[in-house]
2 protein chains.
Amino acid sequence: MEAGGAGNGSNGAAQTKGSGGDGSAKPLPPCCVKARAAAPESEAKCHATVVSGWFTEPRSHCGKAIKVQYYNNPMWPGEAHSLKVEKILYQGKSPYQEVLVFEEMITHLPLCSIPSPKKVLVIGGGDGGVLREISRHNSVESIDICEIDQLVIDICKDFFPHLSVGFEDPRVQLHVGDAVEFLRNAPEVTYDAIIVDSSDPIGPAQELVEKPFFETIARALRPGGVLCNQAESMWLHTHLIQDMLSICRETFKGSVRYAWTSVPTYPSGAIGFLLCAKEGPPVNFLTPINPIEVEGATKAGREIRFYNSEMHRAAFVLPTFAKRELEAYCASTETKQAEEVAAAPPKQTVVPNSGILTAS
Amino acid sequence: MEAGGAGNGSNGAAQTKGSGGDGSAKPLPPCCVKARAAAPESEAKCHATVVSGWFTEPRSHCGKAIKVQYYNNPMWPGEAHSLKVEKILYQGKSPYQEVLVFEEMITHLPLCSIPSPKKVLVIGGGDGGVLREISRHNSVESIDICEIDQLVIDICKDFFPHLSVGFEDPRVQLHVGDAVEFLRNAPEVTYDAIIVDSSDPIGPAQELVEKPFFETIARALRPGGVLCNQAESMWLHTHLIQDMLSICRETFKGSVRYAWTSVPTYPSGAIGFLLCAKEGPPVNFLTPINPIEVEGATKAGREIRFYNSEMHRAAFVLPTFAKRELEAYCASTETKQAEEVAAAPPKQTVVPNSGILTAS
């Protein structure tokens, strides 16, 4: 585990300097200056004015690509992640990182789908947000994280201590290096869950959506272990999603499902996740067998503000067009039927006025 | 009912003229010219490139505000709504009106929540899309529509025959005029469902989210009749939604619920709906008592490509932050409890691995 660094931007500190340049004042990176010029929230009742876009240009943010979006959002009212950054970028406004919606979903969808996860691996995720979410799960005994870029970790520790606090969990073991290499050398049949929190699978991260990579993931999972991967928007990239579903179905041989959630500032306002279970004890992703509600929700000093068990179930419900395009690529009919039997309540005619979520 | 006019832009017609000006050629309105300049879909696998924004500036589109968005979308692959407009705007690309996602949801959420709706009123909706969706419901005997703006209707008949086809249903009775005035003179205790498909409730349509308007709606509904109204995004306007929920709870006295759906090109990628039942026979919006699936889905020569019964249920599932902010303003505890009892399957312990959608 990597020590120190996090938490040094505590709220209330009067670190409101502009972009100086003396190093000690941790000056605003040049690529953040544009955010300062953005109009702040102009309408009192509008919480979600986006004042900054994705910093996804490779190596353009302090020489690095880090994914961060801020806005004044009803999920995090009146709260500051980093007063220092807040003051600099928003002149007193409260920015929040919507990436947390994504990180709650990419973490709890897999970990709530299996009983008692113990060994977890995170690929990417250097901002610490996924680690922070994993740390809410008491059953977890060890968390490996393989992040290629030390600078991402360092920047997030300086600027986003509420995310990077995830690194402070003593269960975390940091490995700085290439994920493909890491997995090649990882012990077989080890992890209960692997979470891939990588950048978009076009460009440098392309390799992370290809069959050889999924094969190394499958090799590292225990039978019945699960993968959760970022999987694009059903509105934008159905072909890419189909490809991923198809490869994963071949590779993992257990249940394979697409889930999605609303993330206002992502292109199309939605992002998807690929959930894959390795052949073995069957996994029914459609309902959280290991729900995380009140207790886990307030651990780490923060509530879970987006994810809950109903959102978990709803994430797998697809509009008709997406159902038609993607279901053929999901788990085989047999697996699906087994899942649905498991998900169904005791024999009951499905009357229209029932509360049963029929997921297929 | 208004006759004629619709359907005169049938696919295959070679009406591919540019913006002339002789009237007979139905030249491209000046405000559409900007769309022509927009870059068409540049990436083969990206379906949802937005090539046109909302035409919502009051009276700026041919002197009128009409809401239209086009993009090449997986919901409507390879299909042309209006070849004429398509050719002009997109040089051979296929544009689709995402407003249909909105119109499927604003129509079927209320009509599938009550048994056998017979008399329906639409406020606004001059493009005809909501009418078209209502016409899938065989139980409906009469559809009144009150649209303030004849020109909206005329433009849509010319340019969007696949929407305005809704006016061709013999059950439709068109009333051109002010909705407030219409409702003031409408017979009491008449409608099974009222659908308000108006523009954003800021500006000219402000009146349509205020108490006096809701009171005239309630007056026109039969006991247990339902209203569905556009209700903004949970990401953007929680205060406005709270206000609406609060007013409607006082006014309608039956179940009042907020639902939402993904609409990629709306601000925040999501839009909400307010479902209100007038005091009387209880209504459980959370599950479709009157499901519209295969038969209704293909009526009017088109499938329903977004709405389905699972999407109906999932539309009422809220992220934790929104639940907390909005539930206090929803139906009273008693009503909610009654709803949930009705929605629950026969007595069963809710084990984590069940398929039950617990909606609160």
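Before reading further, recall that the structure is shown in the block above.
The structure reproduced in this document is the subject of the present report.

What counts as what
Residues numbered from 1 in each chain as written. Chains lettered and ligands numbered in written order. Predicted model: local features only at pLDDT ≥ 70, side-chain atom pairs only at ≥ 80, totals over all residues. Heavy atoms only, no water. Helix = DSSP H or I, 4+ residues; strand = E, 2+ residues; numbered from the N terminus. Buried < 20%, exposed > 50% of the residue type's maximum accessible area, 1.4 Å probe, protein only. Axes fitted to C-alpha atoms, helices over the stretch in contact; angles between N-to-C directions. Parallel < 35°, antiparallel > 145°, perpendicular 65-115°, else oblique. Left-handed = near helix turned anticlockwise from the far one by under 90°. Contact = heavy atoms within 4.5 Å. Nonpolar A, V, L, I, M, F, W, Y, C, P; charged D, E, K, R; others polar. Pairing = 2+ DSSP bridges. Right-handed = clockwise from strand over helix to strand, strands pointing away.

Description of unusual backbone geometry
A positive phi is found at valine 189 of chain A, a non-glycine position, where the angle reads about 50°. One can find valine 189 of chain A in the loop between helix 7 (179-185) and strand 6 (191-197). For serine 116 of chain B, which is not glycine, the phi dihedral falls at a positive 55°. Note that serine 116 of chain B resides in the loop between helix 3 (99-111) and strand 3 (119-124). A residue is classified by how much of its surface remains accessible, and serine 116 of chain B, at 36% relative accessible area, is partly exposed.

Overview of the packing of helix 8 (residues 211-220) of chain A against helix 9 (residues 238-252) of chain A
All names here are of chain A. Here helix 8 crosses helix 9 at 40°, and the two axes come no closer than 10 Å. It follows that helix 8 is oblique to helix 9 by the angle criterion. The hand of the helix 8/helix 9 crossing is right-handed. In contact with Lys211, Phe214, Glu215, Ile217 and Ala218 of helix 8, helix 9 contributes Met244, Ile247, Cys248, Glu250, Thr251 and Phe252. For the contact of helix 8 with helix 9, the residue count by class is seven nonpolar, one polar and three charged.

Let's talk about the sheet that holds strand 9 (residues 270-278) of chain B
Residue and element names in this part refer to chain B. Taken together, seven strands build an open sheet; the order of strands is 5-4-3-6-7-9-8 and the sheet is mixed. Edge positions in the sheet fall to strand 5 (172-176) and strand 8 (253-262), since each of these pairs with one other strand and no more. Taken over all neighbouring pairs, the strand axes of this sheet differ in orientation by 15° on average, direction set aside. As defined by bridge partners, strand 6 (residues 191-197) adjoins strand 7 (residues 221-230) across five bridges and the pair is classed as parallel. Within strand 7, the position partnered with isoleucine 195 by the bridge is cysteine 228. Against the sheet, helix 5 (residues 150-159) contacts strand 4 (142-147) and strand 5, and its axis sits at roughly 130° relative to strand 5.

Points about the pairing of strand 4 (residues 142-147) of chain A
Residue and element names in this part refer to chain A. With respect to burial, strand 4 is a largely interior element, six of its six residues being buried. The alternating pattern of strand 4 places Ser142, Asp144 and Cys146 on one face and Ile143, Ile145 and Glu147 on the opposite face, and all of these are buried. Examined bridge by bridge, strand 3 (residues 119-124) and strand 4 share five bridges and lie parallel to one another. Note that in strand 4 the partner of leucine 121 across the bridge is aspartate 144. Read as a crossover between parallel neighbours, the route from strand 3 over helix 4 (residues 129-134) to strand 4 is right-handed. Here strand 4 pairs with strand 5 (residues 172-176) via five bridges, running parallel. Opposite isoleucine 143, over in strand 5, you have valine 172 as the bridge partner.

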